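Per-entry structural report
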Amino acid sequence: MQNMHNFRISIFFFQLNCVPLCINFMHMKNIQFYPIRSKSGLVAEISNLGAKITRLVVGGRDVVLGFQTAEEWRTQELSFNAICGRVANRIQGGRFRLDGKENQLPVNNNGNCLHGGIEGFNARLWDVTAQSRYEVTLHYRAKDGEEGFPGNLDVWVTYTATRDNALRIHYEAKTDAPTIVMLTNHAYFNLAGEASGCVYDHVLQINADHYTPFDETACPTGEVLPVEGTMMDFRQPVRIGDRIHDAFFSAERGINNHWCLCEAEAPKVLRHAATLKAEGLSMECWTTMKGLQVYTGNYIEPHEGKSGTMYDMHHAVCLEAQGWPDAIHHDNFPDIVLRPGEKLDEVTEYRFINW
């Protein structure tokens, strides 16, 4: 099995000179894969389906979970490594009021709208508008009323394999009517390699002093509480396996919580949000976003992954840089309203070192 895995990675590197890669199934003919690489050796592959990161090879390891075929990418675990929107995370009750108008969204998670609804950005085919050896830009136009959201929204996401071994994600968006927008990438990381099983030996540090507690439906209560003295205090490195089973987290199922990287009104700067380490590899998450959702793959369904190894719960860690969840319902949270003439402009970088 390991030999087959190494063969697939070798084929992937060969395909870097043959972009884009098209899947030649008649019903899947529009799904494509675009490899990019840095001069320092980081290699990524991006799909126009959900603008997903389908491979991320660092130091010879593919460090994101995934699937073997386009059909599996289309039908299984739809948020795997995808851009989530129009609004990532949860909107309580699947509805919100903006400028006096009530907007009803699909409810797809405990009575809430999660990651943009039933067919969010993660399930859509994007257009590739620019491509080079190091970079690919994808565009998606969400039409007025799509999944219940107002306004025609144009979104661009640019992935760059940088010279200093980072995968940079640049988010941009414009609208023709008032709307709400909050984007993230939902990459499922396993720094020991995607076929390495549970992430209990990964060490996580989060540079945040506060968090947003949530209710029984996983939506924020509106409070902003200090991490001091709680299980949410990751300001010093913590082995994930030492905390993941604590009753504090998601009914003992695992971590799926949101940390505040700064105050709601803080200026936009590139912040060092978190560091994840395993097997001699360190990944730093830097972002202009004001929040970080950490998810330990608590609901991964058992299935065969891209290298033929079985995936299961807790086989990945997601570091989802984003705004604060359900912000439209809390005046003390960072604003996620976007209006005509304004531009959403955010950056997240995953920087790899010590390999």
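Each remark here, short or long, concerns the structure printed above.
Residues numbered from 1 in each chain as written. Predicted model: local features only at pLDDT ≥ 70, side-chain atom pairs only at ≥ 80, totals over all residues. Heavy atoms only, no water.

In spatial order, the strands read β19-β18-β21-β24-β27; together these 5 strands make up an open sheet with antiparallel pairing. Pairing within the sheet leaves two strands with one partner each, and these edge strands are β19 (225–226) and β27 (318–322). In this structure, strand β24 (residues 291–295) lies alongside β27, joined through 5 bridges in antiparallel fashion. When the sheet's bridge partners are listed, Tyr295 is paired in β27 with Cys318. (Pairing = 2+ DSSP bridges. Helix = DSSP H or I, 4+ residues; strand = E, 2+ residues; numbered from the N terminus.)

Before going further, it helps to spend a moment on the sheet that holds strand β14 (residues 166–175). If you walk across this open sheet you meet the 9 strands as β11-β12-β13-β14-β29-β23-β22-β17-β20, and the pairing is antiparallel. Of all the strands in the sheet, just β11 (127–131) and β20 (238–239) have a single pairing partner and so form its edges. Where strand β17 (residues 203–206) and β20 come together, 2 bridges link them in antiparallel fashion. Considered in β20, the bridge of Leu204 is made with Val238.

Quick look at the packing of aromatic side chains now. For any pair of aromatic rings, geometry is given as the distance between the ring centres together with the angle between the planes. Under the defined criterion, the tally for this structure stands at 13 aromatic pairs. Their ring planes at 40 degrees and their centres at 4.2 Å tell us that Phe80 and Tyr188 sit as a pair that is tilted. Highlighted residues: Phe80 in the loop between α2 (70–75) and β6 (83–84) and Tyr188 in the loop between β16 (184–185) and β17, separated in sequence by 108 residues. Residue class for Phe80 comes out buried when judged on its relative accessible area of 0%. Put simply, the rings of Phe67, Trp73, Phe80, Tyr188 and Tyr295 pair up and form one aromatic cluster. In this structure, Arg351 packs its charged tip against the face of Trp286, placed 4.2 Å from the ring centre. (Phe/Tyr/Trp six-rings, centres within 6.5 Å; stacked < 30°, edge-to-face > 60°. Buried < 20%, exposed > 50% of the residue type's maximum accessible area, 1.4 Å probe, protein only. Lys NZ or Arg CZ within 6 Å of the ring centre and 35° of its normal.)

With that settled, consider the nonpolar core. With 64 residues, the main nonpolar core has Leu56, Tyr159, Leu292, Leu319 and Phe352 as its most contacted residues. Top element by residues in this core is strand β13 (residues 153–161). It accounts for 5 residues. With sequence-adjacent residues up to four places away left out, Leu56 is seen in contact with Leu42, Val43, Ala44, Arg61, Asp62, Val63, Val64, Leu167, Phe189 and Phe352. (Core = buried A, V, L, I, M, F, W, Y, C linked by side-chain atoms within 4.5 Å. Contact = heavy atoms within 4.5 Å.)

Now for the pairing of strand β9 (residues 101–104). Here 4 bridges tie strand β8 (residues 95–98) to β9, and the two strands are oriented antiparallel to one another. Each residue of the ladder has a partner; that of Phe96, found in β9, is Asn103.

All right, on to the pattern of salt bridges then. One pass over the full model with this rule turns up 17 salt bridges. The salt bridge involving Asp154 is made with Arg141; its shortest N-O contact spans 2.9 Å. Separated by 13 residues along the polypeptide, Asp154 in strand β13 and Arg141 in strand β12 (residues 135–142) bring together distant segments of the chain. Taking the relative accessible area as the measure of exposure, Arg141 reaches 40% and is therefore partly exposed. The structure contains a network of salt bridges with shared partners spanning Asp209, Glu228, Asp233 and Arg235. (Salt bridge = Lys/Arg side-chain N within 4 Å of Asp/Glu carboxyl O.)

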